[in-house]
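Analysis of the macromolecular model
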Amino acid sequence: MDLAQLETTMAELGQPSYRTGQVWEWLARGADSFDQMSNLPADLRAQLAEKLPVSTLEVENSALSVDGTEKALFLTADQRPVEAVLMRYRDGRRSLCLSSQSGCPLTCTFCATGKMKFGRNLTESEILDQALHFRRIEDVNHTVFMGMGEPMMNLDNVLAACEKLPELGIANSHTTISTVGWLPGIQRVTTEGPAVRLALSLHAPNDQLRSKIMPVNDKYSMNEVVDAAREWRHVRKRKVFIEYLMLDGVNDSPELAHELAELLLPKNDFKVNLIPYNPTGEEYQGSPRQTIENFRQNLMKRGIHATVRLTRGRDIDAACGQLAAKANEVAEA
Ligand code: SAH
(Lines give C-alpha, C1' and ligand atoms only; values in the text may rest on other atoms or scores of the structure.)
Protein backbone atom coordinates (compact mmCIF):
# COMPACT_ATOMS: atom_id res chain seq x y z
CA MET A 1 0.00 0.00 0.00
CA ASP A 2 1.34 3.37 -1.00
CA LEU A 3 0.88 5.00 2.40
CA ALA A 4 1.51 8.55 1.18
CA GLN A 5 -1.06 8.08 -1.54
CA LEU A 6 -3.50 6.61 0.95
CA GLU A 7 -3.17 9.68 3.12
CA THR A 8 -3.73 12.03 0.17
CA THR A 9 -6.74 10.01 -0.96
CA MET A 10 -8.30 10.12 2.50
CA ALA A 11 -7.82 13.91 2.59
CA GLU A 12 -9.37 14.27 -0.87
CA LEU A 13 -12.35 12.23 0.27
CA GLY A 14 -12.73 14.55 3.26
CA GLN A 15 -11.95 11.75 5.71
CA PRO A 16 -10.40 12.29 9.14
CA SER A 17 -6.73 11.32 9.33
CA TYR A 18 -7.31 8.41 11.73
CA ARG A 19 -8.86 6.52 8.81
CA THR A 20 -5.39 6.06 7.31
CA GLY A 21 -4.28 4.44 10.54
CA GLN A 22 -7.30 2.13 10.49
CA VAL A 23 -6.47 0.91 6.99
CA TRP A 24 -2.85 0.32 7.96
CA GLU A 25 -3.90 -1.68 11.04
CA TRP A 26 -5.98 -4.00 8.88
CA LEU A 27 -3.16 -4.47 6.40
CA ALA A 28 -0.64 -5.13 9.17
CA ARG A 29 -2.91 -7.90 10.43
CA GLY A 30 -3.09 -9.55 7.05
CA ALA A 31 -6.14 -8.06 5.32
CA ASP A 32 -6.00 -8.33 1.52
CA SER A 33 -8.92 -6.10 0.54
CA PHE A 34 -10.65 -2.91 1.67
CA ASP A 35 -13.82 -4.93 1.86
CA GLN A 36 -12.62 -6.68 5.00
CA MET A 37 -12.06 -3.42 6.86
CA SER A 38 -15.33 -3.52 8.76
CA ASN A 39 -14.77 -0.42 10.90
CA LEU A 40 -14.70 1.74 7.74
CA PRO A 41 -18.00 2.93 6.25
CA ALA A 42 -19.06 0.71 3.33
CA ASP A 43 -19.11 3.56 0.81
CA LEU A 44 -15.61 4.63 1.80
CA ARG A 45 -14.37 1.06 1.34
CA ALA A 46 -15.85 1.02 -2.14
CA GLN A 47 -14.30 4.39 -3.01
CA LEU A 48 -10.88 3.30 -1.77
CA ALA A 49 -11.07 0.04 -3.70
CA GLU A 50 -11.71 2.02 -6.85
CA LYS A 51 -8.89 4.48 -6.31
CA LEU A 52 -6.09 2.45 -4.75
CA PRO A 53 -4.50 -0.96 -5.17
CA VAL A 54 -3.96 -2.78 -1.84
CA SER A 55 -0.29 -3.31 -2.71
CA THR A 56 2.37 -1.38 -4.63
CA LEU A 57 3.61 -4.78 -5.87
CA GLU A 58 2.06 -7.30 -8.25
CA VAL A 59 2.85 -10.95 -7.56
CA GLU A 60 4.33 -12.37 -10.75
CA ASN A 61 5.36 -15.75 -9.51
CA SER A 62 5.48 -17.87 -6.36
CA ALA A 63 7.63 -20.93 -5.74
CA LEU A 64 7.53 -23.41 -2.85
CA SER A 65 10.64 -25.35 -1.85
CA VAL A 66 10.60 -28.92 -0.55
CA ASP A 67 11.77 -27.48 2.80
CA GLY A 68 8.75 -25.16 3.05
CA THR A 69 10.60 -22.02 1.98
CA GLU A 70 8.47 -19.81 -0.22
CA LYS A 71 9.76 -17.26 -2.70
CA ALA A 72 7.71 -14.53 -4.35
CA LEU A 73 8.68 -12.57 -7.42
CA PHE A 74 6.96 -9.18 -7.60
CA LEU A 75 6.88 -6.36 -10.08
CA THR A 76 6.70 -2.72 -9.03
CA ALA A 77 4.32 -0.35 -10.82
CA ASP A 78 7.20 0.59 -13.15
CA GLN A 79 7.91 -3.10 -13.85
CA ARG A 80 11.01 -3.57 -11.70
CA PRO A 81 11.52 -7.11 -10.43
CA VAL A 82 11.74 -7.65 -6.65
CA GLU A 83 12.06 -10.94 -4.79
CA ALA A 84 11.35 -11.85 -1.19
CA VAL A 85 11.44 -15.12 0.71
CA LEU A 86 9.60 -16.67 3.67
CA MET A 87 11.54 -19.30 5.60
CA ARG A 88 9.58 -21.68 7.79
CA TYR A 89 11.43 -23.42 10.62
CA ARG A 90 10.34 -26.35 12.76
CA ASP A 91 10.54 -24.32 15.98
CA GLY A 92 7.83 -21.98 14.68
CA ARG A 93 10.13 -19.24 13.47
CA ARG A 94 8.78 -17.56 10.34
CA SER A 95 11.53 -15.46 8.89
CA LEU A 96 11.19 -13.00 6.02
CA CYS A 97 14.09 -12.19 3.74
CA LEU A 98 13.30 -8.78 2.21
CA SER A 99 14.82 -6.80 -0.64
CA SER A 100 15.79 -3.14 -0.32
CA GLN A 101 16.58 -2.50 -4.00
CA SER A 102 15.57 -3.96 -7.35
CA GLY A 103 18.91 -5.46 -8.37
CA CYS A 104 22.09 -4.19 -6.73
CA PRO A 105 24.68 -1.64 -7.87
CA LEU A 106 27.50 -3.52 -6.10
CA THR A 107 29.32 -6.32 -7.84
CA CYS A 108 30.25 -8.96 -5.26
CA THR A 109 31.71 -11.71 -7.41
CA PHE A 110 29.80 -14.58 -5.78
CA CYS A 111 26.32 -13.04 -5.73
CA ALA A 112 23.69 -13.48 -8.43
CA THR A 113 21.94 -10.20 -7.65
CA GLY A 114 25.06 -8.23 -8.53
CA LYS A 115 24.97 -9.74 -12.01
CA MET A 116 21.54 -8.39 -12.89
CA LYS A 117 20.96 -4.84 -13.98
CA PHE A 118 20.51 -2.40 -11.11
CA GLY A 119 17.03 -0.91 -11.09
CA ARG A 120 16.47 1.48 -8.25
CA ASN A 121 15.94 1.86 -4.52
CA LEU A 122 12.61 0.53 -3.29
CA THR A 123 10.23 2.84 -1.45
CA GLU A 124 9.22 2.26 2.16
CA SER A 125 5.84 0.97 0.92
CA GLU A 126 7.45 -1.41 -1.58
CA ILE A 127 9.56 -2.87 1.22
CA LEU A 128 6.57 -3.23 3.54
CA ASP A 129 4.41 -4.73 0.80
CA GLN A 130 6.84 -7.64 0.47
CA ALA A 131 6.30 -8.36 4.17
CA LEU A 132 2.52 -7.83 3.94
CA HIS A 133 2.33 -10.37 1.12
CA PHE A 134 3.59 -13.11 3.45
CA ARG A 135 1.68 -11.71 6.43
CA ARG A 136 -1.50 -12.48 4.48
CA ILE A 137 -0.42 -16.13 4.26
CA GLU A 138 0.52 -16.58 7.92
CA ASP A 139 1.94 -15.00 11.08
CA VAL A 140 5.54 -13.87 10.69
CA ASN A 141 8.06 -13.02 13.42
CA HIS A 142 11.56 -12.38 12.04
CA THR A 143 13.01 -10.27 9.22
CA VAL A 144 16.42 -10.16 7.59
CA PHE A 145 17.34 -7.59 4.97
CA MET A 146 19.28 -10.16 2.99
CA GLY A 147 17.31 -10.10 -0.23
CA MET A 148 18.26 -8.08 -3.26
CA GLY A 149 20.25 -4.93 -2.81
CA GLU A 150 22.36 -3.14 -0.25
CA PRO A 151 20.03 -1.88 2.50
CA MET A 152 22.43 0.80 3.66
CA MET A 153 22.36 2.48 0.25
CA ASN A 154 18.62 2.96 0.83
CA LEU A 155 18.69 3.50 4.55
CA ASP A 156 15.90 6.08 4.97
CA ASN A 157 13.35 3.74 3.45
CA VAL A 158 14.73 0.63 5.15
CA LEU A 159 14.64 2.27 8.58
CA ALA A 160 11.14 3.65 7.98
CA ALA A 161 9.98 0.13 7.10
CA CYS A 162 11.74 -1.30 10.19
CA GLU A 163 9.79 1.17 12.35
CA LYS A 164 6.53 -0.35 11.12
CA LEU A 165 7.46 -4.05 11.18
CA PRO A 166 6.53 -4.47 14.88
CA GLU A 167 2.91 -3.81 13.88
CA LEU A 168 3.11 -6.91 11.68
CA GLY A 169 4.37 -8.93 14.63
CA ILE A 170 8.11 -8.54 13.98
CA ALA A 171 9.97 -6.99 16.92
CA ASN A 172 12.95 -4.78 16.14
CA SER A 173 15.12 -7.24 18.08
CA HIS A 174 14.04 -9.83 15.49
CA THR A 175 14.99 -7.65 12.53
CA THR A 176 18.49 -7.74 11.05
CA ILE A 177 20.01 -5.39 8.51
CA SER A 178 22.80 -7.05 6.56
CA THR A 179 25.43 -4.89 4.89
CA VAL A 180 28.50 -5.30 2.70
CA GLY A 181 30.16 -2.80 5.04
CA TRP A 182 28.68 0.46 3.78
CA LEU A 183 30.54 2.62 6.27
CA PRO A 184 28.31 5.73 6.41
CA GLY A 185 25.28 3.49 6.94
CA ILE A 186 26.85 1.55 9.82
CA GLN A 187 27.88 4.85 11.41
CA ARG A 188 24.37 6.19 11.05
CA VAL A 189 22.58 3.21 12.61
CA THR A 190 24.99 3.34 15.54
CA THR A 191 23.20 6.39 16.89
CA GLU A 192 20.00 6.60 14.84
CA GLY A 193 16.96 4.50 14.05
CA PRO A 194 15.14 1.61 15.73
CA ALA A 195 17.02 -1.00 17.77
CA VAL A 196 17.44 -3.54 14.98
CA ARG A 197 20.37 -5.94 14.64
CA LEU A 198 23.41 -5.64 12.42
CA ALA A 199 25.03 -8.26 10.21
CA LEU A 200 28.25 -7.64 8.31
CA SER A 201 29.06 -9.59 5.17
CA LEU A 202 32.79 -9.96 5.70
CA HIS A 203 33.76 -13.07 3.70
CA ALA A 204 37.53 -12.48 4.03
CA PRO A 205 39.85 -11.53 6.91
CA ASN A 206 42.19 -9.17 5.00
CA ASP A 207 41.90 -6.33 2.47
CA GLN A 208 43.72 -8.07 -0.33
CA LEU A 209 41.41 -11.06 -0.50
CA ARG A 210 38.30 -9.09 0.37
CA SER A 211 38.86 -6.57 -2.45
CA LYS A 212 39.29 -9.43 -4.87
CA ILE A 213 35.91 -10.98 -4.11
CA MET A 214 34.03 -7.79 -3.06
CA PRO A 215 35.07 -4.70 -5.05
CA VAL A 216 33.21 -2.45 -2.55
CA ASN A 217 36.14 -3.12 -0.20
CA ASP A 218 38.21 -0.66 -2.26
CA LYS A 219 35.80 2.06 -1.22
CA TYR A 220 35.51 1.24 2.48
CA SER A 221 38.43 -0.76 3.75
CA MET A 222 37.96 -3.75 6.00
CA ASN A 223 39.53 -2.31 9.13
CA GLU A 224 37.43 0.86 9.00
CA VAL A 225 34.33 -1.26 8.59
CA VAL A 226 35.18 -3.70 11.38
CA ASP A 227 35.98 -0.77 13.68
CA ALA A 228 32.62 0.81 12.86
CA ALA A 229 30.89 -2.52 13.61
CA ARG A 230 32.69 -2.65 16.97
CA GLU A 231 31.53 0.86 17.73
CA TRP A 232 27.96 -0.16 16.86
CA ARG A 233 28.26 -3.11 19.22
CA HIS A 234 29.58 -0.88 21.97
CA VAL A 235 26.74 1.66 21.64
CA ARG A 236 23.90 -0.74 20.82
CA LYS A 237 24.97 -3.45 23.27
CA ARG A 238 24.26 -6.25 20.80
CA LYS A 239 26.71 -8.56 19.12
CA VAL A 240 27.31 -8.09 15.41
CA PHE A 241 26.72 -11.08 13.17
CA ILE A 242 29.61 -11.71 10.83
CA GLU A 243 28.62 -13.49 7.63
CA TYR A 244 31.40 -15.50 6.05
CA LEU A 245 30.73 -17.30 2.81
CA MET A 246 32.72 -20.53 2.45
CA LEU A 247 34.35 -20.61 -0.99
CA ASP A 248 36.41 -23.68 -1.82
CA GLY A 249 40.13 -22.90 -1.97
CA VAL A 250 39.47 -19.15 -1.81
CA ASN A 251 38.83 -18.15 1.81
CA ASP A 252 38.48 -21.44 3.71
CA SER A 253 42.02 -22.39 4.82
CA PRO A 254 43.06 -22.90 8.48
CA GLU A 255 45.43 -19.91 8.13
CA LEU A 256 42.54 -17.68 7.15
CA ALA A 257 40.45 -19.00 10.06
CA HIS A 258 43.32 -17.95 12.29
CA GLU A 259 43.52 -14.53 10.66
CA LEU A 260 39.76 -14.08 11.03
CA ALA A 261 39.94 -14.96 14.72
CA GLU A 262 42.74 -12.43 15.22
CA LEU A 263 40.70 -9.77 13.47
CA LEU A 264 37.60 -10.39 15.57
CA LEU A 265 39.19 -10.77 19.00
CA PRO A 266 38.38 -9.87 21.73
CA LYS A 267 35.73 -12.46 21.29
CA ASN A 268 32.55 -10.98 22.68
CA ASP A 269 31.76 -8.42 19.98
CA PHE A 270 30.87 -10.81 17.17
CA LYS A 271 29.11 -14.02 16.26
CA VAL A 272 30.30 -15.68 13.09
CA ASN A 273 27.85 -17.35 10.75
CA LEU A 274 29.57 -19.52 8.16
CA ILE A 275 27.51 -19.65 4.99
CA PRO A 276 27.63 -22.62 2.64
CA TYR A 277 27.95 -21.20 -0.88
CA ASN A 278 24.83 -21.45 -2.99
CA PRO A 279 25.60 -21.98 -6.65
CA THR A 280 25.05 -18.93 -8.83
CA GLY A 281 26.47 -20.46 -11.98
CA GLU A 282 29.78 -18.66 -11.52
CA GLU A 283 33.41 -19.41 -11.00
CA TYR A 284 33.17 -20.65 -7.40
CA GLN A 285 32.64 -23.98 -5.69
CA GLY A 286 31.34 -24.24 -2.16
CA SER A 287 33.73 -25.55 0.48
CA PRO A 288 33.23 -29.21 1.39
CA ARG A 289 31.22 -29.78 4.55
CA GLN A 290 34.25 -31.02 6.48
CA THR A 291 36.26 -27.92 5.55
CA ILE A 292 33.47 -25.73 6.87
CA GLU A 293 33.38 -27.71 10.10
CA ASN A 294 37.18 -27.47 10.49
CA PHE A 295 37.05 -23.73 9.90
CA ARG A 296 34.34 -23.45 12.56
CA GLN A 297 36.40 -25.50 15.02
CA ASN A 298 39.44 -23.32 14.37
CA LEU A 299 37.42 -20.22 15.26
CA MET A 300 35.85 -21.83 18.34
CA LYS A 301 39.28 -22.93 19.59
CA ARG A 302 40.31 -19.29 19.61
CA GLY A 303 37.18 -18.23 21.45
CA ILE A 304 35.13 -16.98 18.52
CA HIS A 305 31.54 -18.19 18.54
CA ALA A 306 30.71 -19.64 15.14
CA THR A 307 27.75 -21.48 13.62
CA VAL A 308 27.01 -22.84 10.16
CA ARG A 309 23.99 -21.40 8.40
CA LEU A 310 21.22 -23.78 7.47
CA THR A 311 20.68 -23.50 3.75
CA ARG A 312 17.06 -23.03 2.72
CA GLY A 313 15.22 -22.92 -0.57
CA ARG A 314 18.14 -23.82 -2.80
CA ASP A 315 15.90 -25.87 -5.13
CA ILE A 316 13.89 -22.76 -6.01
CA ASP A 317 16.85 -20.35 -6.23
CA ALA A 318 15.64 -18.69 -3.04
CA ALA A 319 18.81 -19.18 -0.99
CA CYS A 320 21.27 -16.39 -0.08
CA GLY A 321 22.86 -14.81 -3.10
CA GLN A 322 20.53 -16.55 -5.54
CA LEU A 323 17.95 -13.81 -5.92
CA ALA A 324 18.32 -12.56 -9.45
CA ALA A 325 14.78 -12.42 -10.77
CA LYS A 326 15.82 -14.40 -13.79
CA ALA A 327 14.71 -12.59 -16.88
CA ASN A 328 12.89 -15.71 -18.11
CA GLU A 329 10.84 -15.95 -14.90
CA VAL A 330 9.60 -12.42 -15.46
CA ALA A 331 8.89 -13.14 -19.10
CA GLU A 332 7.05 -16.41 -18.44
CA ALA A 333 4.92 -15.10 -15.63
N1 SAH B 1 23.88 -6.46 0.40
C2 SAH B 1 23.69 -7.02 1.71
C3 SAH B 1 22.41 -7.84 1.86
C4 SAH B 1 22.11 -8.88 0.80
S5 SAH B 1 23.05 -10.35 0.69
C6 SAH B 1 24.88 -7.85 2.11
O7 SAH B 1 25.68 -8.19 1.25
O8 SAH B 1 25.02 -8.13 3.29
C9 SAH B 1 22.75 -11.38 2.04
C10 SAH B 1 23.88 -12.37 2.29
O11 SAH B 1 23.96 -13.40 1.28
C12 SAH B 1 25.23 -11.69 2.28
O13 SAH B 1 26.00 -12.09 3.37
C14 SAH B 1 25.81 -12.18 0.99
O15 SAH B 1 27.19 -12.06 0.97
C16 SAH B 1 25.32 -13.60 0.95
N17 SAH B 1 25.51 -14.24 -0.36
C18 SAH B 1 25.70 -13.66 -1.55
N19 SAH B 1 25.87 -14.57 -2.53
C20 SAH B 1 25.79 -15.78 -1.93
C21 SAH B 1 25.85 -17.12 -2.43
N22 SAH B 1 26.03 -17.37 -3.72
N23 SAH B 1 25.72 -18.12 -1.53
C24 SAH B 1 25.49 -17.87 -0.22
N25 SAH B 1 25.41 -16.63 0.28
C26 SAH B 1 25.56 -15.59 -0.55
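Each value, and the rule that gives it
Note that residues are indexed from 1 along each chain, following the sequence as it is written. The predicted nature of this model means local features are confined to residues of pLDDT at least 70 and side-chain atom pairs, given and counted, to a pLDDT of 80 or more, with totals for whole chains, interfaces and linings taken over all residues. For side-chain calculations, the full set of non-hydrogen atoms in the structure is used, while hydrogens and water are omitted. We call a residue near a given molecule or strand whenever any one of its heavy atoms falls within 4 Å of it. We call two N or O atoms a polar contact when they sit within 3.5 Å, provided that within protein one can donate a hydrogen and the other can accept it, with sequence-adjacent residues counted only if both atoms are side-chain atoms. Reported accessibility uses the Shrake-Rupley method at a 1.4 Å probe radius. Residues are deemed covered only where the shown protein chains occlude them. A helix here means a DSSP run of H or I that spans at least four residues, while a strand means a run of E at least two residues long, and both kinds are numbered starting from the N terminus. Each residue is assigned to one of three classes by its accessible area relative to the maximum for its type, calculated with a 1.4 Å probe on protein chains only: buried under 20%, partly exposed between the two thresholds, exposed over 50%. Whether two strands pair comes down to DSSP finding at least two bridges between them. Seen with its strands pointing away from the viewer, a crossover is right-handed when the path leading from the first strand over the helix to the second is clockwise. Axis lines are fitted through C-alpha atoms, for helices just across the contact stretch, and the angle between N-to-C directions can take any value from 0 to 180 degrees.

1. Quick look at the site of the ligand
As a matter of local geometry, the ligand sits amid 22 residues, with Ser-178, Ser-201, His-203, Glu-243 and Asn-278 nearest to it. In the environment of the ligand, an oxygen atom lies 2.6 Å from a nitrogen or oxygen atom belonging to the side chain of Ser-201. His-203 is positioned with one of its side-chain polar atoms (N or O) 2.6 Å from an oxygen atom of the ligand. Bound to the protein, the ligand loses 96% of the 530 Å² it would expose on its own. Secondary-structure elements contributing two or more residues to the shell around the ligand are strand E8 (175-179), strand E10 (240-246) and strand E11 (270-276).

2. Some points on the pairing of strand E9 (residues 197-201)
Look at any regular strand and the pattern is simple: side chains alternate between the two faces of the sheet. Of all the 5 residues making up E9, 5 are buried; the element is thus mostly covered by neighbouring parts of the structure. Burial along E9 is two-sided: the residues Arg-197, Ala-199 and Ser-201 and Leu-198 and Leu-200 are all buried. Across 4 bridges, E8 lies against E9 in parallel orientation. Of the residues in E9, the one forming a bridge with Thr-176 is Arg-197. For the crossover from E8 across helix H6 (residues 183-191) to E9, the handedness is right-handed. Relative to E10, E9 runs parallel, the two sharing 3 bridges. Bridging across to E10, Ser-201 finds its partner in Glu-243.

3. A word on the sheet that holds strand E4 (residues 94-97)
Pairing is mixed across the open sheet formed by 10 strands, whose spatial order is E1-E2-E3-E4-E7-E8-E9-E10-E11-E12. Lying at the two open borders of the sheet, with one neighbouring strand each, are strand E1 (58-64) and strand E12 (306-308). The sheet shows a mean angle of 20° between the axes of neighbouring strands, direction not considered. Bridge analysis of E4 against strand E7 (residues 142-145) gives 3 bridges, and the strand direction is parallel. Along E7, the bridge assignment pairs Cys-97 with Val-144.

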